[in-house]
Amino acid sequence: MEKERKKSWTNILLYGGLALVIAFAVITGIVVNFQKRKLNDLDDKNNQIEDVLGEEENAMFVKNFSTFSKNLLNFIDKR
C-alpha cells in the first residue's frame, strides 16, 4: 500500500512539474512574441522619423549650399 501511495505521489509531482514547465514555456513565448512585436513597431516608427528628418536635413543642406553658392558667385563677381 505504501509503495502504491509513493508511486502515486511521484506521478502527481512528475506530471505537475511537467505542466509547470510547459506553462512557463508557453507564457515566456507569449511575452517574447509581444515584446518582439512592440520592438518591430518601435523600429518602424523610428525609421519613419529618420526618413522625415533625413529629408529635412537634405532640404536644409541644399538650401544652405545654394545660399553659399550665390554668395560665392557675388564675391567672385565683385573682385
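One can find the structure itself at the top, above this paragraph.
Residues numbered from 1 in each chain as written. Predicted model: local features only at pLDDT ≥ 70, side-chain atom pairs only at ≥ 80, totals over all residues. Heavy atoms only, no water.

**Q** Help me understand the overall build of the chain, please; the structure alone is not making it clear to me.
**A** When you go through the chain residue by residue, the secondary structure sums to one helix and zero strands. In terms of overall size, the chain is more extended than a compact globule, its C-alpha atoms giving a radius of gyration of 34 Å where 79 residues would be expected to give roughly 12 Å. On the principal axes, the C-alpha backbone points of the chain span a range of 115 × 15 × 5 Å. Approximately 8000 Å² of the chain is accessible, and the part contributed by carbon and sulfur atoms is 65%. Between the averaged position of the 12 positive side-chain charges in the chain and that of its 11 negative side-chain charges there is a distance of 8 Å. (Helix = DSSP H or I, 4+ residues; strand = E, 2+ residues; numbered from the N terminus. Rg over C-alpha atoms; globule rule 2.2 N^0.38 Å. Areas by Shrake-Rupley, 256 points an atom, 1.4 Å probe, with all protein chains shown as cover. Lys, Arg positive; Asp, Glu negative; His and termini not counted. Charge placed at Lys NZ, Arg CZ, Asp CG, Glu CD.)

**Q** Explain a nonpolar patch on the surface here, please?
**A** Together, F61, V62, F65, F68, L72, F75 and I76 make up an exposed nonpolar region whose accessible area comes to about 760 Å². By secondary structure assignment, the location of I76 is in helix α1 (residues 2–78). (Patch = residues over 30% accessible without salt bridge, like charges linked within 9 Å, V, L, I, M, F, W, Y side chains within 5 Å. Salt bridge = Lys/Arg side-chain N within 4 Å of Asp/Glu carboxyl O.)

**Q** Honestly, the pattern of salt bridges in this entry has me stumped. Any pointers?
**A** When the charged atoms of two side chains lie near each other, side chains of opposite charge can form a pair. Counted according to the given criterion, the structure contains one salt bridge. The residue K45 makes a salt bridge to D41 at a minimum N-O spacing of 3.5 Å. Note that K45 and D41 are positioned in helix α1 at a spacing of four residues, about one turn of the helix. You can call K45 partly exposed: its relative accessible area is 46%. On the accessibility criterion, D41 (39% relative accessible area) is partly exposed. (Buried < 20%, exposed > 50% of the residue type's maximum accessible area, 1.4 Å probe, protein only.)

**Q** Would you mind going over the environment of F65 with me for this structure?
**A** Counting through the fold element by element, F65 comes out in helix α1. According to the relative accessible area criterion, F65 is partly exposed, its value standing at 49%. Distance in space between the C-alpha atoms of F65 and L53 is 18 Å, their sequence separation being twelve residues.

**Q** Explain the environment of N11 here, please?
**A** Residue placement: N11 occurs in helix α1. C-alpha separation for the pair N11 and Q35, spaced 24 residues apart in sequence, amounts to 36 Å.

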